[in-house]
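# What the coordinates show
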Amino acid sequence: MTQETHPHSPTDRLDDDDYPAYTMGRAAEMIGATPGFLRAVGEARLITPLRSEGGHRRYSRYQLRIAARARELVDSGTPIEAACRIVILEDQLEEALRLNEELRKPTG
């Protein structure tokens, strides 16, 4: 079967920002953090990794971008709880601005 007959082929996941493709170790390495940092941002409810069948944490690219932003703030001296709250607010603002822009587009 070709990809045209299977609209959701496994290769589609490679482009999916929400697909939990990365293990904790790989995710930590990618953002230059420790697994403990990823656990901490999870406990602060900034990100909620999915769990594999074996119970291991798995992270998406979107979650890694969010965690990397929190890491930048922590590295500049912001306490982790405050960094997580800032990132949540930034994400909410970005979404609100995107929705506002959508609503301003002319219909027709």
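Note: the structure precedes this text.
Since the structure is predicted, the reported quantities are computational estimates derived from the model, not experimental observations.

Moving on to the nonpolar core. Membership of the largest hydrophobic core comes to 20 residues, with the highest contact counts inside it found for I31, L38, V41, L46, I47 and Y59. Breaking this core down by element, the ones donating at least two residues are helix 1 (24-31), helix 2 (35-43), helix 3 (61-75) and helix 4 (80-104). The element best represented in this core is helix 3, accounting for five residues. With residues up to four places along the chain from it excluded, the contact list for L46 reads V41, I66, A70, C84, V87 and I88.

A few words now on helix 1. The set of residues buried in helix 1 consists of M24, A27, A28 and I31. The arc that holds every buried residue of helix 1, seen down its axis, measures 100°, which confines them to one face. For helix 1, the secondary structure elements touched by its buried residues are strand 1 (22-23), helix 2, strand 3 (57-59) and helix 3. Downstream of helix 1 by one or two residues, G32 has phi in the positive range, about 70°.

Within the open sheet, the three strands sit side by side as 1-3-2. Their pairing is antiparallel. Here the strands that pair on one side only, and so sit at the sheet edges, are strand 1 and strand 2 (50-51). Here strand 1 pairs with strand 3 via two bridges, running antiparallel. Within strand 3, the residue paired with Y22 across the bridge is Y59. Lying over the sheet, helix 3 contacts strand 1 and strand 3, oriented at roughly 85° with respect to strand 3.

All right, on to the pattern of salt bridges then. Taken as a whole and assessed by the stated rule, the structure comprises eight salt bridges. In this structure, R65 engages D17 in a salt bridge whose closest nitrogen and oxygen atoms are separated by 2.6 Å. Separated by 48 residues along the polypeptide, R65 in helix 3 and D17 in the segment before strand 1 bring together distant segments of the chain. Here K105 and E102 are joined by a salt bridge, their closest N and O atoms 3.2 Å apart. The class of E102 is partly exposed, set by a relative accessible area of 42%. Look at the salt bridges and you will find they share partners, linking D17, R61 and R65 into a network.

A word on the environment of A28. As for its position among the elements, A28 is in helix 1. Residue A28 is classed as buried on the basis of its relative accessible area, which comes to 2%. C-alpha separation for the pair A28 and Y59, spaced 31 residues apart in sequence, amounts to 9.7 Å. Setting aside its immediate chain neighbours within four residues, A28 contacts A33, T34, P35 and L38.

Calculation criteria
Residues numbered from 1 in each chain as written. Predicted model: local features only at pLDDT ≥ 70, side-chain atom pairs only at ≥ 80, totals over all residues. Heavy atoms only, no water. Core = buried A, V, L, I, M, F, W, Y, C linked by side-chain atoms within 4.5 Å. Buried < 20%, exposed > 50% of the residue type's maximum accessible area, 1.4 Å probe, protein only. Helix = DSSP H or I, 4+ residues; strand = E, 2+ residues; numbered from the N terminus. Contact = heavy atoms within 4.5 Å. Arc of directions from axis to C-beta. Pairing = 2+ DSSP bridges. Axes fitted to C-alpha atoms, helices over the stretch in contact; angles between N-to-C directions. Salt bridge = Lys/Arg side-chain N within 4 Å of Asp/Glu carboxyl O.

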